[in-house]
Amino acid sequence: QVHLRQSGGGLVQPGGSLRLSCTGSGTTFTTNGVAWYRQGPTNQRELVASFARGGAINYADAVKGRFTISIDYAWNRVSLQMNNLEPEDTAVYYCSTSWGGRNFWGQGTQVTVSS
């Protein structure tokens, strides 16, 4: 059984930083890949950053240079370091992985960027 547990997030002023983490059980991120998505006021869920099998990393254009995805292999934990946050980054953030033809999601974490 795959389970993803998220932590982090919260309220921050524009220009601030936050770090999200997602710990996986029943899966291995380096084998199956893992990604961060977000769902904002438009209710569209968009890809933010991904770590694919083989190690390729990709970012959405809107976060390039500000967000960094990383993996702690020992704990099977993926993190998203978010710097220079903007109000447009306000959203619920989800980690996600795939296994056995299914997608699995974390519980979601609210990130609010506001002065």
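Model, not experiment: these values are computed from the prediction.

Definitions and cut-offs
Residues numbered from 1 in each chain as written. Predicted model: local features only at pLDDT ≥ 70, side-chain atom pairs only at ≥ 80, totals over all residues. Heavy atoms only, no water. Pairing = 2+ DSSP bridges. Helix = DSSP H or I, 4+ residues; strand = E, 2+ residues; numbered from the N terminus. Axes fitted to C-alpha atoms, helices over the stretch in contact; angles between N-to-C directions. Phe/Tyr/Trp six-rings, centres within 6.5 Å; stacked < 30°, edge-to-face > 60°. Lys NZ or Arg CZ within 6 Å of the ring centre and 35° of its normal. Buried < 20%, exposed > 50% of the residue type's maximum accessible area, 1.4 Å probe, protein only. Contact = heavy atoms within 4.5 Å. Disulfide = S-S within 2.5 Å. Salt bridge = Lys/Arg side-chain N within 4 Å of Asp/Glu carboxyl O.

Caption draft 1: View of the sheet that holds strand 3 (residues 18-25). Read across the sheet, 4 strands follow the order 1-3-8-7 without closing on themselves; strand pairing throughout is antiparallel. Of all the strands in the sheet, just strand 1 (3-8) and strand 7 (67-72) have a single pairing partner and so form its edges. Sheet twist, expressed as the average angle between the axes of neighbouring strands with direction ignored, equals 15°. Direction of pairing for strand 1 relative to strand 3: antiparallel, over a ladder of 6 bridges. The residue of strand 3 that forms the bridge with L4 is G24.

Caption draft 2: Layout of the packing of aromatic side chains. Tallying each qualifying case throughout the model produces 2 aromatic pairs. In textbook terms, an aromatic cluster arises when at least three aromatic residues are bridged by ring pairs, as seen for Y37, Y94 and W105. The ring of Y94 is capped by R45, whose NZ or CZ atom sits 3.9 Å from the centre of that ring. R45 extends its terminal NZ or CZ atom over the ring of W105, reaching a point 4.5 Å from the ring centre.

Caption draft 3: Inspection of the environment of S7 at higher detail. Mapped onto the secondary structure, S7 falls in strand 1. By relative accessible area, S7 is classed as partly exposed at 37%. Apart from the residues lying within four places of it in its own chain, the contact partners of S7 are R19, L20, S21 and T109.

Caption draft 4: Highlighting the state of the cysteines. Enumeration over the complete set of coordinates arrives at 1 disulfide. Disulfide pairing is shown between C22 and C95; the S-S distance is 2.1 Å. Handedness of the C22-C95 disulfide follows from its S-S torsion of about 65°: it is right-handed. Residue C22 is located in strand 3, and its partner C95 is located in strand 9 (residues 91-99); the two are separated by 73 residues in the primary sequence. Relative accessible area serves as the criterion here: at 0%, C22 is assigned to the buried category.

Caption draft 5: Structural context of the pattern of salt bridges. Scanning the entire structure with this criterion turns up 5 salt bridges. With a closest N to O distance of 2.6 Å, E46 and R38 form a salt bridge. Across the pair K64 and D61 runs a salt bridge whose closest N-O atoms are separated by 3.1 Å. Classification of K64 by relative accessible area gives partly exposed; the value is 49%. Given the relative accessible area of 64%, D61 is considered exposed. Counted as one network, the salt bridges with shared partners bring together R38, E46, R66, E86 and D89.

In short, the description is geometric, and any link to function would need to be established separately.
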